[in-house]
Amino acid sequence: YVVVPEKEAKKLAQALTDTITAKLSTYREPALSMSSIGKPLRKIYMDLHHPTKPDGRARLKCLYGDLLEVLILWLIEQSGHKVSDCQKSVVLDGIKGSIDAIIDGDLKDVKSCSPSSYKKFEQGTLPDNDPFGYCGQLAGYNSVLKTKTPGFIAINKVTGEVCEYN
């Protein structure tokens, strides 16, 4: 156990509040974005031309992932790492996106995962089976930022396990 200064706990509480407010009170129309990189072209086409609004379950799942991201970045910072540029906007060839964070000078994308998806990060097999295009998305962000060791911070949303995959 560690002592968490009240100032740091309040910083986490504010970040969680901001995330909840932003994610639940706004609807973002489908648009081409950096997170589209690496996805199958047909999926991108369907998302753009035949969008469906996410239902309550989908919104909750996304919110849960966003909250885990905020928590894990806060914990990484509390452990002594330098975390900066959270949700910084980047543009590649006119396509906008936002990174999760720069940690100790390197681009890191935070992914909350099912147990089977988490194994891909933990075992280093993500490039062999990347249906969401995570590797392409990270490469796109890093082509703008040019950090030395871009990678992922993955959290198993069932067990709480965390790993880094570069």
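Now for a quick tour of the structure. Quick caveat: nothing in here was measured; it's all calculated off a predicted structure.

**Side note on the packing of aromatic side chains**
For the structure on display, the rule yields 6 aromatic pairs. Each ring, one from Tyr 134 and one from Phe 152, has its centre 6.5 Å from the other, and the planes form 50°; the classification is tilted. Note that Tyr 134 is positioned in helix α5 (residues 134-145) and Phe 152 in strand β6 (residues 151-156), a separation of 18 residues in sequence. Both residues of the pair, Tyr 134 and Phe 152, count as buried. Members of the aromatic cluster, connected to one another through ring pairs, are Phe 121, Phe 132, Tyr 134, Phe 152 and Tyr 165.

**A few points about the sheet that holds strand β5 (residues 106-113)**
Spatially, the 5 strands line up as an open sheet ordered β1-β4-β5-β6-β7, and their pairing is mixed. What marks the edges here is a single partner per strand, and that holds for β1 (83-84) and β7 (162-165). Note: strand β4 (residues 101-103) against β5, 3 bridges, orientation antiparallel. The residue bridging Ile 102 from the neighbouring strand is Leu 107, located in β5. Contacting β1, β4, β5, β6 and β7, helix α3 (residues 56-78) runs over the sheet at an angle of about 135° to β5.

**Observations regarding the nonpolar core**
In globular proteins that are soluble, nonpolar side chains generally tend to be buried together. Ranked by size, the top nonpolar core spans 16 residues in total, and within it Ile 99, Leu 107, Phe 121, Leu 126, Tyr 141, Phe 152 and Ala 154 carry the most contacts. Elements represented by at least two residues in this core include exactly β5, α4 (115-123), α5, β6 and β7. With 3 residues, α5 is the single largest residue contributor to this core. Look past the residues within four positions of Leu 126 in its chain and what remains in contact with it is Lys 120, Phe 121, Tyr 134, Cys 135, Phe 152 and Tyr 165. Counting residues in each nonpolar core, the second largest holds 10 residues, with Leu 73, Val 83, Ala 101 and Ile 103 among its members.

**Description of the pairing of β5**
Burial analysis of β5 places 7 of its 8 residues in the buried class, the great majority of the element. Counting the residues between successive antiparallel strands, the hairpin from β4 to β5 contains 2 residues, one of them, Asp 104, with a positive phi of roughly 50°. The pairing of β5 with β6 spans 6 bridges and is classified as parallel. Each bridged residue has a counterpart across the sheet, and for Ser 112 the counterpart in β6 is Ile 155.

**What to know about the packing of helix α1 (residues 6-25) against α3**
Helix-helix packing: each pair is described by the crossing angle between the helix axes and the interaxial distance. Between α1 and α3, the least distance of the axes is 10 Å, while the angle of their chain directions is 155°. Judged on the interaxial angle alone, α3 and α1 are roughly antiparallel. In this structure, α1 crosses over α3, and the sense of that crossing is right-handed. The residues of α3 that touch α1, namely those facing Glu 8, Ala 9, Lys 11, Leu 12, Ala 15, Leu 16, Thr 19, Ile 20, Lys 23 and Leu 24, are Arg 59, Leu 63, Asp 66, Leu 67, Val 70, Leu 71, Trp 74, Glu 77 and Gln 78.

Each value, and the rule that gives it
- Residues numbered from 1 in each chain as written.
- Predicted model: local features only at pLDDT ≥ 70, side-chain atom pairs only at ≥ 80, totals over all residues.
- Heavy atoms only, no water.
- Phe/Tyr/Trp six-rings, centres within 6.5 Å; stacked < 30°, edge-to-face > 60°.
- Helix = DSSP H or I, 4+ residues; strand = E, 2+ residues; numbered from the N terminus.
- Buried < 20%, exposed > 50% of the residue type's maximum accessible area, 1.4 Å probe, protein only.
- Pairing = 2+ DSSP bridges.
- Contact = heavy atoms within 4.5 Å.
- Axes fitted to C-alpha atoms, helices over the stretch in contact; angles between N-to-C directions.
- Core = buried A, V, L, I, M, F, W, Y, C linked by side-chain atoms within 4.5 Å.
- Parallel < 35°, antiparallel > 145°, perpendicular 65-115°, else oblique.
- Left-handed = near helix turned anticlockwise from the far one by under 90°.

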